[in-house]
Amino acid sequence: MVLRNQFFCIQHILMPNFAFGASEEKYQRGALALYADGKTVIAQGGKLSFDTYYNALSTVVWCEQCDIQNLAFQAKGHGHTTARLLLVTDVGTIFELARNTLVLNDSEQIVFEVSHDDISHRGLIYVEFIAAEGPVTFSGGGWYTIDIPRRDVKLGISITHFNRKQYVLPSIARVKKEILDDPEYKDKILFTVVDNSQNITSAEAPGVDVISNANTGGSGGFMRGLLHYQNDTDATHVLFMDDDASCETESIKRAYWILSYAVNDNSAVVGSLFLDDRPDVLIEKGAKFDYMCRPAFHGWNMKEVGQVVRAETANKSINYGAWWFFAFPIAEVKHYAFPFFVRGDDILFSMINKFNLITEIGIACYGESFATKVSAMNWYLDTRNHLVNTFYFQKNSKFTLKAYRHFYLNSLFSHQYGSVDAIRLALKHALEPIEFWESNYDLALVRPEINQLAMKEKQHAINFEGLKLSYASKKRHSTIDRFKRKLTLNGLLLPMKQKTVFQPLSYNAYYPDIFRYKSILYFNPVSSKGYVAEISRTAFFKRLGYLIFDSYQIWRQFSKQKQKYQNNIDVITSKLFWERILLQKDNTKI
């Protein structure tokens, strides 16, 4: 345990880290305060405040979910300072809980102690330092408790890797240096990389367990990690993390302590996600699945204190946590993942195991934009997991139809006909007998078929000089314009402009921009590659007809498919299923 003067440190103060591109305001706010070389100097008359995403303490998590009775804040630095202990609510009201005048020094000292009974409002607790009599230096601190943890946690980190050494190797080095080599976490946190590409050497990952694994996708890779911790170690909890997701290692430590103190034994910690190119803006802080994925607090700016406190205190219902950062108790796992390969396995895993999901500010990853990963293969994977999940969880075909039509029409009106065909293939496979999933857990037979369907959507280097490009802007359009687009199927029934319009690769085209154009250049700014989609009335209307047939199939077969998945879910998400696949154990097939 992390023990200092009989206190357990549940949350260190994080000093600004510009490696992720995040604003200083996600860590600290100041007036006449300057951060440099791991410390912040406050000039006389200035102040330093920690009402921030990374450094405020959540009453929702620590008082409600963990029922901590005693809290203390410790700090170190230099100078004579006045410190204030404050609580901000979701409506912006600030309460002063305590005030103290002290001299900071090189050793951490207690600045404040507060009991559960002293905290009468929901919100964020934070400390503010004021330099009234001269300059003050703050060089570190944290939140502590004398409460004994409810359980002894041994957390096993599992990263699934496939050909992303440029991301995973720095993560390995960072976690090893800042956690595994820290005596405070010796034998408390373990680290395993499941290497689906089988190309990480032991020299590249010193001190970390590397398990060579066939390419079974995220589903198989994460289940291989879970099998390892369940069968070969005494780990109590597992943390799944993506190989391309970077995070503050403090996020891992905080998850560890939440799991140690959480009131409910089935508590799981869900990490938030920020875009690596917009590192202050949330992609999601947990999510809900009904028939589509609904990210919580999408687009909220976490350098703004008002949005931070509202994101933490709002009663936003979530029912799954994505596997870029998901820590859970092994003992509460009743079902392993469905063999989706990737996409949607985390949804079903969270929902069917009925975890108590905890999302806390300050626990987050930074990752690539999903929009730039759009492809026919990903539409296939997204569609089939939404079909299976709605077949299993929903009571009638209404929501399955809505999900299918959403994916289908987005691709159709973007004139990505190969993606439409891949979506239709997903439906065909979702309707197959249950044995399909065991035979195709690795996509080895499916991948060539999708590649053939989507040959025209394969990204390649673009010769811009040979194209007559138009660059439309996302301007506002009138009600008449919108009516005209709907009436003409976005210009498909009108004479076409014999030009190519530029579109950044995303989930779908921006329909006003492509109105009446004959072709569309989809360009991926990350890879600097793209492809040209040629608009075809014949291809469009043929596939529009297919949608009517597919919708009838879903409606007609819904009850049969629901029964199929509900009758077989216990087998296909069993530990024995994955042991047979991953460990080559000879068990009876489904």
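Residues numbered from 1 in each chain as written. Predicted model: local features only at pLDDT ≥ 70, side-chain atom pairs only at ≥ 80, totals over all residues. Heavy atoms only, no water.

1. Considering the packing of helix α7 (residues 376-393) against helix α8 (residues 398-413)
When two helices pack together, their arrangement is given by the angle between their axes and by how far apart the axes lie. We apply this condition: A fitted line through C-alpha atoms serves as each axis, taken over the contacting stretch for helices, and the angle formed by two N-to-C directions is quoted from 0 to 180°. Numbering of helices and strands runs from the N terminus; a helix is a DSSP stretch of H or I covering at least four residues, while a strand is a stretch of E covering at least two. In what follows, roughly perpendicular refers to angles from 65 to 115 degrees, roughly parallel to angles under 35, roughly antiparallel to angles over 145, and oblique to any angle outside these ranges. Throughout, a contact is declared for two residues whenever any of their heavy atoms are within 4.5 Å. Ten residue types, Ala, Val, Leu, Ile, Met, Phe, Trp, Tyr, Cys and Pro, are classed as nonpolar, four, Asp, Glu, Lys and Arg, as charged, and the remainder, Gly among them, as polar.
Close contact between α7 and α8 brings their axes to 8 Å; oriented N to C, the two are set at 170°. Between α7 and α8, the angle is such that the two are roughly antiparallel. On the side of α7, the interface is formed by Trp379, Asp382, Thr383, His386, Leu387, Thr390 and Phe391, while α8 contributes Phe399, Thr400, Ala403, Tyr404, Phe407 and Ser411. Split into classes, the residues belonging to the contact of α7 with α8 amount to seven nonpolar, five polar and one charged.

2. A few points about the layout of surface pockets
This is how the line gets drawn: Note on definitions: the grid is 1 Å and covers protein atoms alone; a cavity is a set of points where a 1.4 Å probe fits but cannot get out; a pocket is an open set with protein on both sides within 12 Å along at least five of seven lines; lining residues have an atom within 4 Å of a point. Grid points are joined across faces, edges and corners, and a volume is the space filled by probe spheres set on the points.
In this structure, the second largest pocket spans a volume of roughly 410 Å³. Around the second largest pocket, the lining is made up of 18 residues, and of these His12, Ile13, Leu14, Gly141 and Glu250 lie nearest the centre. Among the elements of the structure, β10 (136-145) and α4 (249-261) are those that each provide at least two residues to the lining of the second largest pocket. Per-element accounting of the lining of the second largest pocket gives the leading share, four residues, to β10. Among the residues making up the lining of the second largest pocket, the classes are represented as four nonpolar, six polar and eight charged.

3. Notes on the sheet that holds strand β24 (residues 517-524)
Sheets are built from strands that pair by backbone hydrogen bonding, the pairs being arranged parallel or antiparallel. Under the convention used in this document: Should DSSP find at least two bridges between two strands, the strands are regarded as paired.
Sheet architecture is open: four strands sit in the order β22-β23-β24-β25, paired in mixed fashion. Because the sheet does not close on itself, it has two edges, and the strands there are β22 (469-470) and β25 (529-534). Here β24 runs beside β25; their pairing, made up of six bridges, is antiparallel. Its bridge partner being in β25, Asn524 is matched across the sheet by Lys529.

4. Describing the nonpolar core
For the record, the criterion: Residues belong to one nonpolar core when they are buried, are Ala, Val, Leu, Ile, Met, Phe, Trp, Tyr or Cys, and are joined through side-chain atoms within 4.5 Å. Exposure categories follow from relative accessible area, calculated using a 1.4 Å probe and restricted to protein chains: below 20% of the type maximum is buried, above 50% is exposed, and the middle band is partly exposed.
Counting 107 residues, the largest nonpolar core has Met223, Phe328 and Tyr380 as its most contacted members. Broken down by element, this core gets its largest block of residues, nine residues, from α7. With residues up to four places along the chain from it excluded, the contact list for Phe328 reads Leu226, Thr236, His237, Val238, Phe240, Ser267, Ala268, Val333, Phe349 and Phe355. Core analysis: the next-biggest nonpolar cluster, separate from the first, contains 72 residues, Ala75, Val136, Ala245 and Ala322 among them.

5. Notes on the environment of Ile535
Along the chain, the position of Ile535 falls in the loop between β25 and α14 (537-572). Judged by its relative accessible area of 6%, Ile535 falls in the buried class. Taking the C-alpha atoms as reference points, Ile535 and Cys365, separated by 170 residues in sequence, lie 39 Å from one another.

6. Thoughts on the environment of Pro295
When you line up the elements, Pro295 lands in strand β19 (residues 293-295). Leave out the neighbours within four places in its chain, and Pro295 touches Ile283, Glu284, Gly286 and Ala287.

7. Let's talk about the pairing of β24
A regular strand carries its side chains on alternate faces of the sheet. Burial runs high along β24: seven of the eight residues are buried. With six bridges connecting them, strand β23 (residues 497-504) and β24 associate as parallel partners. Looking across to β24, one finds that Lys497 is bridged to Tyr517. Counting the residues that bridge the hairpin from β24 to β25 gives four residues, and of these Ser528 lies at a positive phi of roughly 55°.

8. A few points about the environment of Asn17
Note the threshold: Think of a polar contact as two N or O atoms within 3.5 Å of one another; within protein, one of them needs to be a possible hydrogen donor and the other a possible acceptor, and neighboring residues in sequence only count if both atoms come from side chains.
Following the sequence through the fold, Asn17 ends up in the loop between β2 (7-12) and β3 (29-36). Measuring from C-alpha to C-alpha, the distance between Asn17 and Arg29 comes to 14 Å, with twelve residues separating the pair along the chain. Every residue in contact with Asn17, bar those within four places of it in the chain, is listed here: Tyr27 and Glu248. Within the local environment of Asn17, its side chain forms a polar contact with the backbone nitrogen of Ala19, the two atoms lying 3.0 Å apart.

9. A few points about unusual backbone geometry
Phi is positive for Asp187, close to 65°, though the residue is something other than glycine. Owing to a relative accessible area of 51%, Asp187 belongs among the exposed residues under this scheme.

10. Digging into the packing of aromatic side chains
For clarity, the threshold we go by: Stacked, edge-to-face and tilted labels apply to pairs of Phe, Tyr and Trp rings (six-membered ring for Trp) whose centres lie within 6.5 Å, assigned for plane angles under 30 degrees, over 60, and everything in between, in that order.
Counting across every chain of the model gives 50 aromatic pairs. A ring pair is formed by Phe328 and Phe349, whose centres lie 5.3 Å apart and whose planes are at 75°; its orientation type is edge-to-face. A residue pair is termed long-range when its members are at least 10 positions apart, and Phe328 in strand β20 (residues 325-329) and Phe349 in helix α6 (residues 345-353) qualify at 21 residues. Assigned by exposure class, Phe328 and Phe349 land together as buried. Plain terms: the ring middles of Phe502 and Phe523 are 6.0 Å apart, the flat faces sit at 40° to each other, and that makes the pair tilted. In this pair, Phe502 is assigned in strand β23 and Phe523 in strand β24, connecting sequence segments 21 residues apart.

11. What to know about empty space enclosed by the protein
Unfilled space is identified by rolling a water-sized probe across the atoms. Tallied over the entire structure, the rule returns two cavities of 30 Å³ or more. Reported here for the largest cavity is a volume of approximately 40 Å³. Residue lining of the largest cavity: Ile159, Ser171, Arg174, Val175, Met241, Ala245, Ser246, Cys247 and Thr249, and that is the complete set. Sorting the residues of the lining of the largest cavity by element identifies α2 (165-180) and β15 (246-247) as the ones contributing at least two each.

12. Describing the side chain of Glu128
Position of Glu128 relative to the elements: it lies in strand β9 (residues 124-130). For Glu128, a relative accessible area of 5% corresponds to the buried category. If near-sequence neighbours (up to four positions away) are discounted, Glu128 is found in contact with Lys47, Leu48, Ser49, Thr82, Ala83, Arg84 and Leu86.

13. Quick look at the pattern of salt bridges
How we decide: Each reported salt bridge corresponds to a side-chain nitrogen of Lys or Arg within 4 Å of a carboxyl oxygen of Asp or Glu.
Enumeration according to the criterion identifies 20 salt bridges in this entry. Among the ionic pairs, Asp51 bridges to Arg29, the shortest N-O distance being 3.3 Å. Of this pair, Asp51 sits in the loop between β4 (39-49) and β5 (57-58) while Arg29 sits in strand β3; the two residues are 22 residues apart in sequence, bridging distant segments of the chain. Residue Asp51 shares its accessibility class with Arg29, and that shared class is buried. Counted as one network, the salt bridges with shared partners bring together Lys47, Arg84, Glu96, Arg99 and Glu128.

14. Details of the packing of helix α9 (residues 417-430) against α14
Rules: The sense of a crossing depends on the near helix, which, turned anticlockwise from the far helix by less than a right angle, makes the crossing left-handed and, turned clockwise, makes it right-handed.
Interhelical geometry of α9 versus α14 gives an angle of 20° and a closest axis separation of 9 Å. In this view, α9 runs roughly parallel relative to α14, as classed from their interaxial angle. Both α9 and α14 take part in a crossing whose hand is left-handed. Two secondary-structure elements touch here, α9 through Tyr417, Val420, Asp421, Arg424, Leu427 and Ala430 and α14 through Ala539, Phe540, Arg543, Tyr546, Phe549, Asp550, Ile554, Gln561, Lys564 and Tyr565. Class assignment for the residues of the contact of α9 with α14 results in ten nonpolar, one polar and five charged.

15. Examining α8
Selection criterion: Any helix carries an expected span of 1.5 Å times its number of residues minus one.
Given a rise of 1.5 Å per residue, 16 residues ought to cover 22 Å, and the 22 Å separating the end C-alpha atoms of α8 matches this to within 8%. Turning to α8, its buried residues are Thr400, Leu401, Ala403, Tyr404, Phe407, Tyr408, Asn410, Ser411 and Leu412. Looking at the buried residues of α8, the elements they touch are α7, α9, α13 (511-514) and α14. Backbone geometry just downstream of α8 places His415 in the positive-phi region, at approximately 60°.

Any functional reading would require information that these geometric values do not contain.
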